[in-house]
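Here is what each chain is made of, one letter per residue.
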Amino acid sequence: MKEISKRVAWLFSVLGIALLCSACADGGGEGDAGASDADAHVEDGADADSDADSDADGTSLPDVDLGDAYGLLVPTGFQACSRASYLWSEHLPDVLRLFARVTFKPGLFRLDKDLTSFEADLIEQVEWNREPQIATPTGPGQFTRDGEHYTYIQDFAFGQDLMRLEMRVSFEPNEGPDAGQVIELNETHFIGYRVSLGALIAVSSLYFNACTCDTFTSRVVDYTFEDGDLLSIEVCSICPGDFCKSSTGRIPRADATFSGESRTLNDQMQLSIVFGQHDWSGTLLVYLREPLAGYAGLVLTFGNLLEGDTVDLFDESLEVIQTKNVTQTEIRPGW
């Protein structure tokens, strides 16, 4: 079923107005007198006077004194990856332009309660597009505060294409369990709405989750095609509530075998999955930057319980050159 998930619609309601109104405008708000990048980022080795040794999830925190401020903890190597709202074979060029990845700078970032805006150096790298391009920041990142909510905005350029990245971090107590003094960028907080991240480039809106899916249960699904070719995927599906319209998900790994040639993929800029209503249907995409047996990738549709239906195989020009039936689906707990 070709529909945009409820999670995407929710994120658009949070981010869409701000993104569309301010996309790629100059500046990101003015900082208060004395606010600087140094105020926002607590470096390792700072004075050790804090009683806060861990966040709500038990993650070890740098031994620093935040005082009355909030903190945003970024683990080393943390990345957020965009997720598609649709994966339609007839729109492959547009689908592949929705791939993006954000790498954050590690550390404990100080979020002051008495400033309405302040600069921060939060982003290490932004990648975007089918053949990933690296962005150039056009200016510093800027936090603005509205009560217990902090919004971070930074603009980037990919040649002539401009992207505005916007992240929202909420410490408001009535949004589920109390976040405490420090929020960590992790899978759970992205799913639980403590943190939301989106971007706008040209007319395309991008929505992000953590690139990993280690906290949630994964399965391996083997799809056999009518000519004996095989696709095996590790899939992680996440329903953010007790009852939801559809899950979000990731494919941490895919193994493709075409005409006896095999390849393993684990790059989130090449793998994507979209679940339909109540997970009764969905679509997955595997993109091969280097063709395998003449194919540059596939789009596979599945029904309830990930049961395979059909698979469209496309070439380097992103044209579908063959459609096959999935003759067998097997689900197992791991590789």
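Visitor: Help me understand the nonpolar core in this model?
Guide: The nonpolar side chains of a soluble globular protein tend to be buried with one another. In this structure, Leu72, Phe104, Leu122 and Met167 are the most contacted members of the largest nonpolar core, which totals 55 residues. Each residue touching phenylalanine 104, except ones within four places of it in the same chain, is listed here: Val74, Phe78, Ala80, Leu122, Ile123, Glu124, Met167, Leu185 and Leu197. Membership of the second largest hydrophobic core comes to 26 residues, among which are Ile251, Ala254, Ala256 and Leu313.

Visitor: What's the story with the packing of aromatic side chains in this structure? I'm lost.
Guide: Each aromatic ring pair is described using two quantities: the centre-to-centre distance and the angle formed by the ring planes. Scanning the entire structure with this criterion turns up 11 aromatic pairs. Summarising the aromatic geometry, the rings of phenylalanine 258 and tyrosine 295 are spaced 5.1 Å apart at their centres and angled 75° between planes, so their arrangement reads as edge-to-face. Of this pair, phenylalanine 258 sits in strand S18 (residues 248-258) while tyrosine 295 sits in strand S22 (residues 295-302), and the two are 37 residues apart along the sequence. Using a relative accessible area of 0% as the deciding quantity, one classes phenylalanine 258 as buried. On the basis of relative accessibility, which here comes to 9%, the residue tyrosine 295 falls in the buried class. Sitting over the face of the ring of tyrosine 70, lysine 113 holds its NZ or CZ atom 4.3 Å from the ring centroid. Lying over the aromatic face of tryptophan 335, arginine 253 brings its terminal NZ or CZ to 3.7 Å of the ring centre.

Visitor: Can you help me understand the sheet that holds strand S16 (residues 218-225) in this one?
Guide: The strands that make up a sheet pair up through hydrogen bonds in the backbone, lying either parallel or antiparallel. Read across the sheet, 9 strands follow the order S19-S18-S17-S16-S24-S23-S22-S21-S20 without closing on themselves; strand pairing throughout is antiparallel. Because the sheet does not close on itself, it has two edges, and the strands there are strand S19 (261-265) and strand S20 (271-275). Taking each pair of neighbouring strands and ignoring which way they run, the sheet shows an average axis angle of 25°. Pairing analysis gives 5 bridges linking strand S23 (residues 308-314) to strand S24 (residues 320-332), with the strands arranged antiparallel. The residue of S24 that forms the bridge with threonine 310 is asparagine 325.

Visitor: Looking at this model, I keep getting lost on the pairing of S23. Mind explaining?
Guide: The buried fraction of S23 is high, at 5 of 7 residues. Bridging between S22 and S23 involves 6 bridges; their strand directions are antiparallel. Bridging across to S23, leucine 300 finds its partner in valine 311. Between S22 and S23, which pair antiparallel one after the other, the connecting turn spans 5 residues, and leucine 305 there sits at a positive phi close to 60°. Hairpin connection of S23 to S24: 5 residues between the antiparallel strands, including leucine 318 at a positive phi of 65°.

Visitor: Quick question: what am I supposed to make of the state of the cysteines here?
Guide: Under the definition given, this model contains 2 disulfides. Note that cysteine 81 is cross-linked by a disulfide to cysteine 211, the S-S spacing being 1.9 Å. Taking the torsion about the sulfur-sulfur bond, which here is approximately 95°, the covalent link between cysteine 81 and cysteine 211 counts as right-handed. With cysteine 81 in strand S3 (residues 79-82) and cysteine 211 in the loop between strand S15 (204-210) and S16, the pair connects residues that are 130 residues apart, well separated along the chain. Relative accessible area serves as the criterion here: at 0%, cysteine 81 is assigned to the buried category. Two residues share a disulfide in this structure: cysteine 213 and cysteine 236, whose sulfurs sit 1.9 Å from each other. Taking the torsion about the sulfur-sulfur bond, which here is approximately -55°, the covalent link between cysteine 213 and cysteine 236 counts as left-handed.

Basis of the calculations
Residues numbered from 1 in each chain as written. Predicted model: local features only at pLDDT ≥ 70, side-chain atom pairs only at ≥ 80, totals over all residues. Heavy atoms only, no water. Core = buried A, V, L, I, M, F, W, Y, C linked by side-chain atoms within 4.5 Å. Buried < 20%, exposed > 50% of the residue type's maximum accessible area, 1.4 Å probe, protein only. Contact = heavy atoms within 4.5 Å. Phe/Tyr/Trp six-rings, centres within 6.5 Å; stacked < 30°, edge-to-face > 60°. Helix = DSSP H or I, 4+ residues; strand = E, 2+ residues; numbered from the N terminus. Lys NZ or Arg CZ within 6 Å of the ring centre and 35° of its normal. Pairing = 2+ DSSP bridges. Axes fitted to C-alpha atoms, helices over the stretch in contact; angles between N-to-C directions. Disulfide = S-S within 2.5 Å.

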